[in-house]
2 protein chains.
Amino acid sequence: MTRVLAADIGGTNLRLAVVSENGTILEEGRFEARLSSHGQTSQKEAQTCVIQTLSKAIIPFMEQHPTPAIGIGFPGFFHGNSGVLAASPNLPLLEDFALAERLSEQLGMHVAVQNDALCAAIGEQRFGAGKGKTNLLHITLGTGVGGGLILNDSPYTGEHGMAMEFGHLRVVTKHGRECGCGNSGCLEAYASATAVADRFYLASGIKADARQVFKLACDGNKEAVSILAEAGSYLGQAIAESVKLLDLESVTISGGLSHAWEFIHPSLMNTLNENLIPPLRGKVKVLPSSLNDNAGLLGAAVIASIN
Amino acid sequence: MTRVLAADIGGTNLRLAVVSENGTILEEGRFEARLSSHGQTSQKEAQTCVIQTLSKAIIPFMEQHPTPAIGIGFPGFFHGNSGVLAASPNLPLLEDFALAERLSEQLGMHVAVQNDALCAAIGEQRFGAGKGKTNLLHITLGTGVGGGLILNDSPYTGEHGMAMEFGHLRVVTKHGRECGCGNSGCLEAYASATAVADRFYLASGIKADARQVFKLACDGNKEAVSILAEAGSYLGQAIAESVKLLDLESVTISGGLSHAWEFIHPSLMNTLNENLIPPLRGKVKVLPSSLNDNAGLLGAAVIASIN
C-alpha cells in the first residue's frame, strides 16, 4: 500500500486524509459536502449532483496532495468490490450507479468506494483492535448502528451488497420501539446515539444528546447510567444472534457511543454470554476500536490500494 | 467424485448408502447404532465406544460394497474440515476427538466427517433445490432445528465449528418457551417437530406427533393449521435475521416438518418480508428440499470426495 487519499463521508461533511502505507494519517481536512436527493427529480440529476459535490471537496485537496488513488467510505450498498452503488437509503434516486468509475473520470485518478461501515471493519482489521484477525465483526455506533464483516480475511458484502444490516436485527419482538427502516424493535432503536438521547429524554424529561447522556452518567445520573447499560445489553443480544450464526470470536466497536465503554461493556458481555449456546460462552471478545474514530478513513485507504 | 459410501447418523440409527458421482443412491441400508455417553466415565471409554458402534454398522456394508472412501454426517461440531470433533451436545465426553482419523484406522479407508446439518446444506447445494447457488442457507426441520451455510461455494464452519446454530436464534425476546439449550424463546422451541407436537397439545389437549398434526391440518383442524402457520412465521423471522446479516438470496428447507410446506410456507414468506429492510424485500427465495430426506446423505458423499 503506497501513500493514498482516503475519504469518509458523513451526512453533512466529508473527511479527507493522506494515509501512509502503515496506516498513519499524514494530513487531514474536513469539508462541507451535503449529499441529498432533495429537490432532484431525475436519476441523472442525482448522479451529476453527487459527483459534483464530491469532486468539489476532493479536487483542491488532491491537488495539494497528489497520490495515485483515493478510497472512499460511502453511506450506501455496493455490488461486491465493483464500486457500483446498488442503493443508498439517503439518496433514493441513486440505484445501480457506477460511482467509482464516474468519479474516477472526474478526478483523473483510481477511485475505490465501499460501504462506510465495511470500510470501518477493514480499517479495524488492518490497523486497529481487530488487527490480525481472520474473521471480524465490526460495529459502528453513531447516529445509526452499522456493521461490517470480515470473513476469511475478505470484506463480506452479500448477494446485493446489503450484508450486515446489524442495526436492524430485531432485539425486541413485541411492542418494540419504531425504527427508521419502518420496522419496530430494531437494535438501532435502542443502541444508536439518537435512540439513547431519545430514551433518556423519555426516562428523565431532560433534553440531552448522547454525548451529554454519557457525561451525566459519569456524574452518577441514574437514568443515564441505566439507558447506556440497556443499550449495551441490546448490543450484546444482537452480537449473540450474529455469533450463533457465524461462530465468530472477535468483535470490535467504533463510533461516538463506544466512548461510553465503561457503561456499555459490562451489560453487553453479560447479555451476550447469557444468550449464546453454552459451548460458545466465554469465547467471544468484544473490544473498543483503537483507532480514535479513524477506522473508516483507514479502511478507505486500504481499499484504495487493494481494489 | 467417484462412487463412495455415505452415512447419515441419527439419534438411534444410521443410514448407509452407496452414492454415484452424479448423486444417485445405488444401494441403501438402515442400521441400529445408538450413540450415547450414558454410563461411560472416561473420555477414552467414550471414544472407543463411538468408534466400535460405528464400525460395527459400517464394516459389513463396506465389505459388501467396496469403495475408496466414506463420508459421514454426524451430530456434532467439527474444527473446519479436519474431521476433528470439537464437541457433540449429545456426547459430552467427546471433545477435540480425531473422529475421522480414528475411524479411518479402524475401517482401512478414507473417512471424512462433518456436521449433519452442514452435510445437508452441501447435498442440497450440489444436487438439490439449491443446485448451482454460490451462497445457500439450508435449514433442517426435525426433532431439532439445524442449519448449514454455504458461502462462496464453500461450507462455512466458523471459528470453533459451531456456526449456524440456527435453531437457537431468539424469535421471542420476552417470556419465550424454554429450549433444550437452557435459554428461552429459541426458534427450536417453536418450529421443531417436538415443539409443534407440544404446542398442539397445549392448544387442543390432543396428543399427536408432528406428522399427525400435519394430517390433522390437512383435515382442517384449526389448531393444527394455526400451530404450523406459527412455526412458519417464526422460521420466517429467523431467516430474516440471517438475511439482514448475510444478504443471502437462496434458502432451502429439509426434514420431516418441511413436508407440511403448504401450511408453513405462506406465513414464513409474509413474516420474512415484513422483517427485512425494504430494499431486500422480495429478493429471498425459500424452497423445500428436492432430495426426499436424502440431502444429508448426499452431502456426506460429497465430502468423501473433496476432503
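Everything numeric in this text was worked out from a predicted model, so none of it was measured.

Let's shift gears to the overall build of chain A. Scanning chain A from terminus to terminus reveals 9 helices and 13 strands. Taken against the 2.2 N^0.38 rule, which gives 19 Å for 307 residues, the C-alpha radius of gyration of chain A at 19 Å falls within 12% of a compact globule. Put simply, chain A has 307 residues, and 59% of those count as buried. Taking the contacts inside chain A whose residues are at least 6 apart along the sequence as the reference set, 61% of them involve residues at least 24 apart. Computing the positive centroid from 22 side-chain charges and the negative centroid from 29, chain A places the two 5 Å apart.

On to the sheet that holds strand β5 (residues 77-78) of chain B. Spatial strand order, β5-β6-β7 (chain B): 3 strands in an open sheet with antiparallel pairing. Each edge of the open sheet carries a strand with a single partner, namely β5 and β7 (95-97) of chain B.

All names here are of chain B. Within the secondary structure, Gly-299 is located in helix α9 (residues 295-306). We classify Gly-299 as buried; its relative accessible area is 0%. In this structure, the C-alpha to C-alpha distance between Gly-299 and Leu-118, residues 181 residues apart in sequence, is 8.0 Å. Ignoring any residue separated from it by four or fewer positions in sequence, one finds Gly-299 in contact with Cys-119, Ile-122 and Gly-123.

Now for the pattern of salt bridges. Residue and element names in this part refer to chain A. In this structure the tally under the stated criterion is 8 salt bridges over all chains. Among the salt bridges present, the one from Arg-15 reaches Glu-28, with a minimum N-O distance of 3.0 Å. Here Arg-15 is found in strand β2 (residues 13-19), whereas its partner Glu-28 is found in strand β3 (residues 25-32), with 13 residues between them in sequence. Here Arg-177 ties to Asp-198 by a salt bridge, and the two come within 2.9 Å at their closest N and O atoms. Here the residue Arg-177 occupies a position in the loop between β11 (154-155) and α4 (188-191), and Asp-198 occupies one in helix α5 (residues 193-204), the gap between them amounting to 21 residues. Relative accessible area serves as the criterion here: at 35%, Asp-198 is assigned to the partly exposed category.

A word on the nonpolar core. Side chains of nonpolar character tend, in soluble globular proteins, to be buried together. Grouped together as the largest cluster of nonpolar side chains are 118 residues, with contacts concentrated most on Ile139(A), Phe166(A), Val286(A), Ile139(B), Phe166(B) and Val286(B). Look past the residues within four positions of Ile139(B) in its chain and what remains in contact with it is Val145(B), Gly146(B), Gly147(B), Phe166(B), Leu235(B), Ile239(B), Val251(B), Thr252(B), Ile253(B) and Ser254(B).

Here we take up the interface of chain A and chain B. Each partner contributes residues to the interface: chain A has 41 residues there, and chain B has 41 residues. Here chain A meets chain B over a buried area of about 3,600 Å², counting both sides, of which 54% is carbon and sulfur. When the area that chain A buries against chain B is broken down by residue, the three leading residues are Glu159(A), Leu245(A) and Asp247(A), summing to 20%. If you look at where chain A meets chain B, you find 35 residue pairs in polar contact (both at pLDDT 80 or more). Of all the secondary-structure elements, those providing two or more residues to the side of chain A that touches chain B are β10 (145-151), α7 (222-246) and α8 (261-275) of chain A. In terms of residue count, the dominant contributor to the side of chain A that touches chain B is α7(A) (6 residues). Residue classes in the side of chain A that touches chain B are distributed as 20 nonpolar, 11 polar and 10 charged.

All names here are of chain B. Over its 15 residues, helix α8 (residues 261-275) extends 20 Å from the first C-alpha to the last, a length consistent with the 21 Å expected when each residue adds 1.5 Å. Along α8, the residues that are buried comprise Trp-261, Phe-263, Ile-264, Ser-267, Leu-268, Met-269, Thr-271, Leu-272 and Asn-275. Here the buried face of α8 lies against α6 (210-218), α7 (222-246), β12 (250-254) and β13 (285-288).

Another point: the side chain of Ser254(B). Residue and element names in this part refer to chain B. Tracing the backbone shows Ser-254 in strand β12. In this structure Ser-254 comes out as buried when scored by relative accessible area, which is 6%. Other than its neighbours up to four places away in sequence, Ser-254 contacts His-138, Ile-139, Thr-140, Leu-141 and Ser-289.

Here the focus is the relation of the copies chain A and chain B. For the match of chain A to chain B, the screw axis carries a shift of 0.0 Å, the RMSD comes to 0.0 Å, and the turn is 180°. These values place the two chain copies in the arrangement generated by a two-fold rotation axis. The position closest to the rotation axis in chain A is occupied by the C-alpha of Thr173(A), lying 2.9 Å away. Here 100% of the interface residues in chain A have copies in chain B that are interface residues too; the copies meet face to matching face.

Looking now at the packing of aromatic side chains. Applying the stated rule across the entire model yields 8 aromatic pairs over all chains. For the ring pair Phe214(A) and Phe263(A), a centre distance of 6.0 Å and an interplane angle of 75° mean the geometry is edge-to-face. Placement of Phe214(A) in helix α6 (residues 210-218) and of Phe263(A) in helix α8 is noted, with a sequence separation of 49 residues between them. Each ring, one from Tyr190(B) and one from Tyr234(B), has its centre 4.4 Å from the other, and the planes form 40°; the classification is tilted. Of this pair, Tyr190(B) sits in helix α4 (residues 188-191) while Tyr234(B) sits in helix α7, placing them 44 residues apart in sequence. On the basis of relative accessible area, Tyr190(B) is assigned to the buried category, the value being 5%. Its guanidinium or amino end placed over the ring of Tyr201(A), Lys207(A) lies 5.1 Å from that ring's centre, counting from NZ or CZ.

Residue and element names in this part refer to chain A. Taken across its 5 residues, strand β12 (residues 250-254) has 5 buried, putting it largely inside the fold. The alternating pattern of β12 places Ser-250, Thr-252 and Ser-254 and Val-251 and Ile-253 on opposite faces, both of which are buried. Note: strand β9 (residues 136-141) against β12, 4 bridges, orientation parallel. Each bridged residue has a counterpart across the sheet, and for Leu-137 the counterpart in β12 is Val-251. Two strands pair when backbone bridges link them, and β12 and strand β13 (residues 285-288) are joined in this way by 4 bridges, in the parallel orientation. Residue pairing for β13: Ser-250 is matched across the bridge by Lys-285. Once the chain exits β12 it traverses α8 before rejoining the sheet at β13, and the crossover so formed is right-handed.

On to the packing of α7(A) against α8(A). Residue and element names in this part refer to chain A. At a minimum axis separation of 7 Å, α7 and α8 run at an interaxial angle of 35°. You can see that α7 and α8 cross each other, and the crossing is right-handed. Across the interface between the two elements, Val-225, Leu-228, Ala-229, Gly-232, Ser-233, Leu-235, Gly-236, Gln-237, Ile-239, Ala-240 and Lys-244 of α7 pack against Phe-263, Ile-264, Ser-267, Leu-268, Thr-271, Leu-272 and Asn-275 of α8. Residue composition of the contact of α7 with α8, grouped by class: 10 nonpolar, 7 polar and 1 charged.

How each quantity is defined
- Residues numbered from 1 in each chain as written.
- Chains lettered and ligands numbered in written order.
- Predicted model: local features only at pLDDT ≥ 70, side-chain atom pairs only at ≥ 80, totals over all residues.
- Heavy atoms only, no water.
- Helix = DSSP H or I, 4+ residues; strand = E, 2+ residues; numbered from the N terminus.
- Rg over C-alpha atoms; globule rule 2.2 N^0.38 Å.
- Buried < 20%, exposed > 50% of the residue type's maximum accessible area, 1.4 Å probe, protein only.
- Contact = heavy atoms within 4.5 Å.
- Lys, Arg positive; Asp, Glu negative; His and termini not counted.
- Charge placed at Lys NZ, Arg CZ, Asp CG, Glu CD.
- Pairing = 2+ DSSP bridges.
- Salt bridge = Lys/Arg side-chain N within 4 Å of Asp/Glu carboxyl O.
- Core = buried A, V, L, I, M, F, W, Y, C linked by side-chain atoms within 4.5 Å.
- Buried area = accessible area lost by both parts, 1.4 Å probe.
- Polar contact = N/O pair within 3.5 Å; in protein donor to acceptor, adjacent residues only side chain to side chain.
- Nonpolar A, V, L, I, M, F, W, Y, C, P; charged D, E, K, R; others polar.
- Expected span 1.5 Å × (residues − 1).
- Least-squares fit on C-alpha atoms with pLDDT ≥ 70 in both.
- Phe/Tyr/Trp six-rings, centres within 6.5 Å; stacked < 30°, edge-to-face > 60°.
- Lys NZ or Arg CZ within 6 Å of the ring centre and 35° of its normal.
- Right-handed = clockwise from strand over helix to strand, strands pointing away.
- Axes fitted to C-alpha atoms, helices over the stretch in contact; angles between N-to-C directions.
- Left-handed = near helix turned anticlockwise from the far one by under 90°.

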